[in-house]
Amino acid sequence: MFGSKSYQLLPQSNPRTSRTPGLFVSGDSFSQPGYLSKGLSFDYIPNVSENDFSDSSQGWLSWICNQIVIFLVHICTFITFPITGWFVLKTVPNYQRIVVFRLGRVCPPKGPGTVLLLPLIDQWQRVDLRTRAFNIPPSQVNTMDGGLLSVGADIQFRIWNPVLSVVSVQDINVSTRMTAQNALTHSLTKKTIREIQTERVKLGEYLGMDINEMTRPWGLEIDRVEITPGSLLKAPEGAPSGPVMVPPSVPGMEGLAGPLQQLAMHFISNSSQQQESSVTFIDEQTPQTSIEELLHKVERVLSEALVNQVGACFQFDISSEDGQHHSYYVDLSQGCGAAGEGPLCGEPDVTLTMCEDDLLAMFQGRLGPFAAYSRGRLQIQGDVRTAMKLEELIKLLQE
C-alpha cells in the first residue's frame with residue numbers, strides 16, 4: 001500500500017471540495033457551511049492536516065510549568081542514560097507509528113526508526129498502518145421489493161492518521177465493524193433483489209464512500225468493499241414461489257462494471273435457472289422425503305467408526321418454503337453420534353444455513369456439499385474443510 005514512499009498524512013475532508021454522495025448520504029450535507037468543521041464532539045481533535053498539535057486553550061503559566069517538568073526529566077534521563085536507555089528507546093518499524101501523550105497532551109506521531117520516550121511523563125501507543133480486513137457475517141436484509149436476503153461483505157481498510165485513530169475513537173476495530181454493518185443494512189434496504197444481484201461491484205463502491213464519510217474523522221480509510229450475497233430467504237412480491245438463490249461472486253468478474261457485468265450476470269442467472277429446473281425435474285421422479293424421515297435414516301447409519309472419521313458437530317439452520325426456520329443437529333464428536341431436531345446443547349463446530357429442498361437434495365446425493373457452497377446455496381459458519389466431511393455421512397446414506 002505504501003511502497004517505498006515516505007509516510008504522509010492524507011488531507012482531511014474539505015467542505016469546499018465537491019464529492020459524490022453515496023447511497024444514503026444526501027448531497028445537501030456536503031454543501032452545508034459547518035460540515036466537518038470544529039465544534040460539537042470533535043473539539044478535542046487536533047488539526048492534524050497541518051501538523052498543528054498546539055493547544056490554544058493552554059495558558060502561559062501552564063506552558064511554563066510543562067516546559068520546566070520536561071526539562072528536568074530530560075536532565076534525569078541523560079544523567080542515568082546507561083540504565084534508562086533500556087526503557088526510553090523504542091524501535092518503530094516502517095509500518096508502525098507511536099502516538100505520544102506528553103503530560104496528557106498529544107504530540108506528533110513518532111517513527112519509523114529509534115525514538116526517545118521520556119519516563120514518567122510520556123504515555124504512548126503503537127498504531128499499525130498496514131491494510132487490514134474483516135468480514136461482516138451474513139445478516140438478513142429486507143429489500144425495497146419486499147424480499148428477504150441474507151447478505152454480508154468483505155472490507156479492507158487502513159489507518160491514514162495515527163493520531164486521529166487514537167484520540168477520536170476508543171476501539172477503532174469494533175467501531176468500524178458496527179459502522180460498516182449498519183451502513184450495509186441501510187443501503188441495501190433501498191435496493192431491489194435484481195439490483196443487488198447485478199450491480200454488486202457498483203454497490204460496493206458506493207458503500208465504501210458511505211463508510212469513508214463516517215470513518216474519515218477517525219483517521220481511517222476504507223480501501224475496498226465486496227458485497228457477498230447469499231440465499232434469498234423470502235422471494236420478492238410478485239415473484240414465483242420456491243427457493244430462489246442469488247448467484248455467488250465469480251472469480252475474475254469483480255473488475256467488470258456496467259453493461260458488461262450485467263450481461264455476464266444475465267448468463268449466470270440463466271444457467272442457474274436451468275440447474276434449478278433440472279433439480280426440480282428429478283424431484284418429480286423421486287418420492288418426496290421429509291426431514292424427519294431423513295433424520296431416522298441418519299440415526300441408523302451412525303457409528304463409532306463414523307465419529308472417529310469425522311469428529312465434529314454440525315448445526316443446520318433450515319428455511320422452509322413457507323418462510324419458517326427450523327434447527328437440526330448431527331453430533332459426530334463423541335460416542336456413537338446423535339442426530340435430532342433443535343439446537344445443540346454446546347457450541348457447534350460448523351453451522352450450515354440452507355433451504356429445506358437443498359438439504360434433502362444434499363443428503364440424497366443429488367447435490368454435493370461443495371457444489372452447494374460454490375453456488376451460494378449453502379452458507380457455512382466455521383471451517384469449510386470440516387463442513388465437507390459431511391460427504392462421509394452422505395456416502396453411508398447412499399449405500
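On a predicted model such as this, the values are computed, not experimentally measured, just so you know.

(A) Up close: the sheet that holds strand β5 (residues 122-128). Pairing in this open sheet of 3 strands is antiparallel, and the strands run β3-β2-β5 from one edge to the other. The strands lining the two open edges of the sheet, one partner per strand, are β3 (105-106) and β5.

(B) Quick look at the pairing of strand β10 (residues 325-332). Direction of pairing for strand β9 (residues 312-319) relative to β10: antiparallel, over a ladder of 8 bridges. By the bridge assignment for β10, Phe-314 is matched with Val-330. Counting the residues that bridge the hairpin from β9 to β10 gives 5 residues, and of these Gly-323 lies at a positive phi of roughly 90°. Here β10 runs beside strand β11 (residues 338-341); their pairing, made up of 4 bridges, is antiparallel. From the neighbouring strand, Tyr-329 faces β11, where its bridge partner is Gly-340. Here β10 folds back onto β11 in antiparallel fashion, the turn holding 5 residues, of which Gly-335 has a positive phi close to 60°.

(C) Molecular detail of the nonpolar core. Judged by nonpolar contacts, the single largest core of 34 residues is most densely connected at Phe-314, Phe-316, Leu-332, Leu-352, Leu-359, Met-362 and Phe-363. Elements supplying a minimum of two residues to this core: α8 (291-301), α9 (304-310), β9, β10, β12 (350-355), α10 (356-363), α12 (384-388) and α13 (390-398). With 5 residues, α10 is the largest single contributor of residues to this core. When neighbours within four sequence positions are excluded, Phe-314 is seen to be in contact with Tyr-328, Tyr-329, Val-330, Leu-332, Leu-344, Val-350, Leu-352, Thr-386, Ala-387 and Leu-390. Counting 33 residues, the second-largest nonpolar core is a separate cluster that includes Ile-136, Ala-153, Val-169 and Leu-184.

(D) The packing of aromatic side chains, seen in detail. In this structure the tally under the stated criterion is 2 aromatic pairs. Over the ring of Tyr-95 we find Arg-130, and its NZ or CZ is 3.8 Å from the ring centre.

(E) Summary view of α13. Among the residues making up α13, those that are buried are Leu-390, Leu-393, Ile-394 and Leu-397. Along the long axis of α13, the arc covered by the buried residues comes to 100°, so they all point the same way.

(F) Molecular detail of the sheet that holds strand β6 (residues 132-142). Strand order in the open sheet formed by 3 strands is β6-β7-β8, with antiparallel pairing between adjacent strands. Two strands close off the open sheet at either side, each with one partner strand: β6 and β8 (220-234). Going from strand to strand, the sheet's axes swing by 20° on average, the running direction of each strand aside. As judged from the 11 bridges shared by strand β7 (residues 148-159) and β8, these two strands associate in the antiparallel manner. Looking at the pairing, Ile-159 lines up with Leu-220 of β8. Together, β7 and β8 form the strand contacts of helix α6 (residues 200-215), whose direction differs from that of β8 by roughly 130°.

(G) Molecular detail of the pattern of salt bridges. With the rule as written, the count across this model stands at 7 salt bridges. The shortest N-O distance in the salt bridge between Arg-102 and Asp-122 comes to 2.8 Å. You can see Arg-102 sitting in strand β2 (residues 96-102) and its partner Asp-122 sitting in strand β5, a full 20 residues away along the chain. When its relative accessible area of 18% is taken as the criterion, Arg-102 is described as buried.

(H) The arrangement of a nonpolar patch on the surface in detail. Together, Trp-60, Leu-61, Trp-63, Ile-64, Ile-68, Phe-71, Leu-72, Ile-75 and Ile-79 make up an exposed nonpolar region whose accessible area comes to about 990 Å². Within the element layout of this structure, Ile-79 appears in helix α1 (residues 60-79). What makes Ile-79 exposed here is its relative accessible area of 63%.

What counts and how
- Residues numbered from 1 in each chain as written.
- Predicted model: local features only at pLDDT ≥ 70, side-chain atom pairs only at ≥ 80, totals over all residues.
- Heavy atoms only, no water.
- Pairing = 2+ DSSP bridges.
- Helix = DSSP H or I, 4+ residues; strand = E, 2+ residues; numbered from the N terminus.
- Core = buried A, V, L, I, M, F, W, Y, C linked by side-chain atoms within 4.5 Å.
- Buried < 20%, exposed > 50% of the residue type's maximum accessible area, 1.4 Å probe, protein only.
- Contact = heavy atoms within 4.5 Å.
- Phe/Tyr/Trp six-rings, centres within 6.5 Å; stacked < 30°, edge-to-face > 60°.
- Lys NZ or Arg CZ within 6 Å of the ring centre and 35° of its normal.
- Arc of directions from axis to C-beta.
- Axes fitted to C-alpha atoms, helices over the stretch in contact; angles between N-to-C directions.
- Salt bridge = Lys/Arg side-chain N within 4 Å of Asp/Glu carboxyl O.
- Patch = residues over 30% accessible without salt bridge, like charges linked within 9 Å, V, L, I, M, F, W, Y side chains within 5 Å.
- Areas by Shrake-Rupley, 256 points an atom, 1.4 Å probe, with all protein chains shown as cover.

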